[in-house]
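Structural description and commentary
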Amino acid sequence: MRLDDCAFETSRLSVADWHSQTDGVETLVEVVCDMLTADVTEQLPTSWQGPYSAERAAAWISDRDADGILLLAIRADTREPVGLLMLHEDESSRVGRSDVRLGYLVTQGQWGRGFASEMLGGLIDWARVSGVASLVAGVAHSNDASIRVLDKCGLTRVDGERPGGSEYLYRMDL
């Protein structure tokens, strides 16, 4: 399993490496500036909270590229960017199988349309056939919408919290 080969399609989305998905859409810097609004980043780490200039977006892109794999979800019908999936392979993974930490966000204009569940469902389907051992996600206590997405997609809340006490930890063994 190679995490950097992660790409999939759902009924409404094309999801692939974020550098490859911006052909004919927008530059990645523009996508990041458009997506990372104050409302979208409110539940994310403090250092990610807006506003985003082109310079800050370029630095954020560079930092995320160093952290792991980022996938951009594009609507199949309009080629409009919808969301991001952030994936990081756990270094303590079992031989031949990987434990993957994930994060996701959906651009504010697409909230409430089921895209987060669709992105996560597509990722789960890809992970099952790709040798992923488990998926793990953290979610802020106050992020009710994301908690519903994780529950709906079959991830289970693990007893306890992530270090720092502001997030719940969810997991799915595959």
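Further up the page is the structure itself.
Report on the accompanying structure. (Residues numbered from 1 in each chain as written. Predicted model: local features only at pLDDT ≥ 70, side-chain atom pairs only at ≥ 80, totals over all residues. Heavy atoms only, no water.)

Some words on the packing of helix α1 (residues 28-35) against helix α3 (residues 54-67)
So the rule is basically this: Orientation is described by axes fitted as lines to C-alpha atoms, over the contacting stretch for helices, and by angles from 0 to 180 degrees between their N-to-C directions. Segments assigned H or I by DSSP are reported as helices when at least four residues long, segments assigned E as strands when at least two residues long, and all are numbered from the N terminus. Working definition: roughly parallel below 35 degrees, roughly antiparallel above 145 degrees, roughly perpendicular at 65 to 115 degrees, and oblique for all remaining angles. Should any heavy atoms of two residues lie within 4.5 Å, those residues are considered in contact. Three classes are used: nonpolar for Ala, Val, Leu, Ile, Met, Phe, Trp, Tyr, Cys and Pro, charged for Asp, Glu, Lys and Arg, and polar for all others, with Gly counted as polar.
Following both chains from N to C, one finds α1 and α3 inclined at 105 degrees, their axes separated by 9 Å at the closest point. In terms of their interaxial angle, α1 and α3 are classed as roughly perpendicular. Residues Leu 28, Val 29, Val 32 and Cys 33 of α1 touch α3, and the partners they reach there are Ala 54, Ala 57, Ala 58, Trp 60 and Ile 61. Partitioning the contact of α1 with α3 into residue classes produces 9 nonpolar, no polar and no charged.

Some thoughts on the packing of helix α4 (residues 115-129) against helix α5 (residues 144-152)
Rules: Left-handed describes a crossing whose near helix is turned anticlockwise from the far helix by less than a right angle; the clockwise case is right-handed.
Contact pair α4 / α5: the axes reach a minimum separation of 9 Å and the direction vectors enclose 40 degrees. Taken as axis vectors, α4 and α5 run oblique relative to one another. At the point where α4 passes α5, the crossing takes the right-handed sense. Across the interface between the two elements, Ala 116, Ser 117 and Leu 120 of α4 pack against Val 149, Leu 150 and Lys 152 of α5. Partitioning the contact of α4 with α5 into residue classes produces 4 nonpolar, 1 polar and 1 charged.

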